[in-house]
Amino acid sequence: MKIIASNFKTNHTRKSTQEFITKLDESLSQDSNNRVFVFPPNTALLEDSFKNLTIGSQNAYPIESGSVTGEIGLNQLQEFNINTILIGHSERREIIKESQEICIEKFNFFKQYGFTIIYCIGENLKTKQNGLDSTLSFLESELLGIDINYDKLIIAYEPIWAIGTGVSATCSDIENVHSKLKQKLGKIPLLYGGSVKPDNTKDILSISGVDGILVGSASWELGSFCKILENSKEC
Ligand code: PGA
């Protein structure tokens, strides 16, 4: 069993999300092997009631309801029965300037409500160039304050330098980092993300210590995402 997750980021409208997810759910009906997640933009959230996939939120504020302009909270997610969330994606850390403290606050809040949490970590190019030890201590810092014994936690290792570049990390880079992270994380599922495409899916999913993938750009077109799912079947 592998976890295959699609992160739409700031792509797709409500209408195109509905079409995408409905078709995807139908196409998955024979495929019980993998656990599939889709994270549409919050304006395109759909009731999490599909047979073969789970809908999650890319982001929410750690509050039930209240005054946080521009954000959504727990009540807005509960309206759609959403109980899965991405936390700590590098685009939120880098572009929105989300601190480790707010990631921890979000983690603790949504953990308290029993959410499945895909928590993202990943180093930038400079840290990677400083060697494996620098990478590992940076990743460690992004796990600080996160309860790694939480049973609904999934970690996604997404090196920033591989995100949206079309060039994924090499299999040996992934294996090196995953094997070290696995020592710390034990049984927690560990995903890889960063330029996963149909033609590298099989290789990446075959690496020991890779329990699944978090896919951005190559998942935005249904045909491409279906190929990724197809190629993940034998892994
Ligand atoms: P990418 O994005 O597949 O476009 O590299 C991955 C991610 O940011 O989750």
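In what follows, the structure referred to is the one given above.
Predicted model, so just to flag it, every value in this text is computed and none were measured.

Draft legend 1. Inspection of the packing of aromatic side chains at higher detail. Tallied over the entire structure, the rule returns nine aromatic pairs. Measuring from ring centre to ring centre gives 5.0 Å for Phe 109 and Tyr 113, while their planes differ by 50°; the resulting arrangement is tilted. A relative accessible area of 12% places Phe 109 in the buried class. With relative accessibility at 30%, the residue Tyr 113 sits in the partly exposed group. Taken together through their ring pairs, the aromatic side chains of Phe 109, Phe 110, Tyr 113 and Phe 115 make up a single cluster.

Draft legend 2. Representation of the pattern of salt bridges in the model. For the structure shown, the criterion picks out ten salt bridges. With its nearest N and O atoms 2.7 Å apart, the salt bridge here joins Lys 106 to Glu 98. For the pair Lys 106 and Glu 98, one class covers both residues: buried. Where Lys 184 meets Glu 140, a salt bridge forms, and the shortest distance between an N and an O atom there is 2.8 Å.

Draft legend 3. Looking closely at the environment of Cys 235. Position of Cys 235 relative to the elements: it lies in the segment after helix H9 (222-232). Taking the relative accessible area as the measure of exposure, Cys 235 reaches 27% and is therefore partly exposed. Expressed as a C-alpha distance, the spacing of Cys 235 and Asn 33, which sit 202 residues apart in the sequence, is 9.9 Å. Sequence-distant contacts of Cys 235, defined by excluding residues within four places in its chain, comprise Lys 2, Lys 202, Leu 205 and Ser 206.

Reading guide: rules and limits
- Residues numbered from 1 in each chain as written.
- Predicted model: local features only at pLDDT ≥ 70, side-chain atom pairs only at ≥ 80, totals over all residues.
- Heavy atoms only, no water.
- Phe/Tyr/Trp six-rings, centres within 6.5 Å; stacked < 30°, edge-to-face > 60°.
- Buried < 20%, exposed > 50% of the residue type's maximum accessible area, 1.4 Å probe, protein only.
- Salt bridge = Lys/Arg side-chain N within 4 Å of Asp/Glu carboxyl O.
- Helix = DSSP H or I, 4+ residues; strand = E, 2+ residues; numbered from the N terminus.
- Contact = heavy atoms within 4.5 Å.

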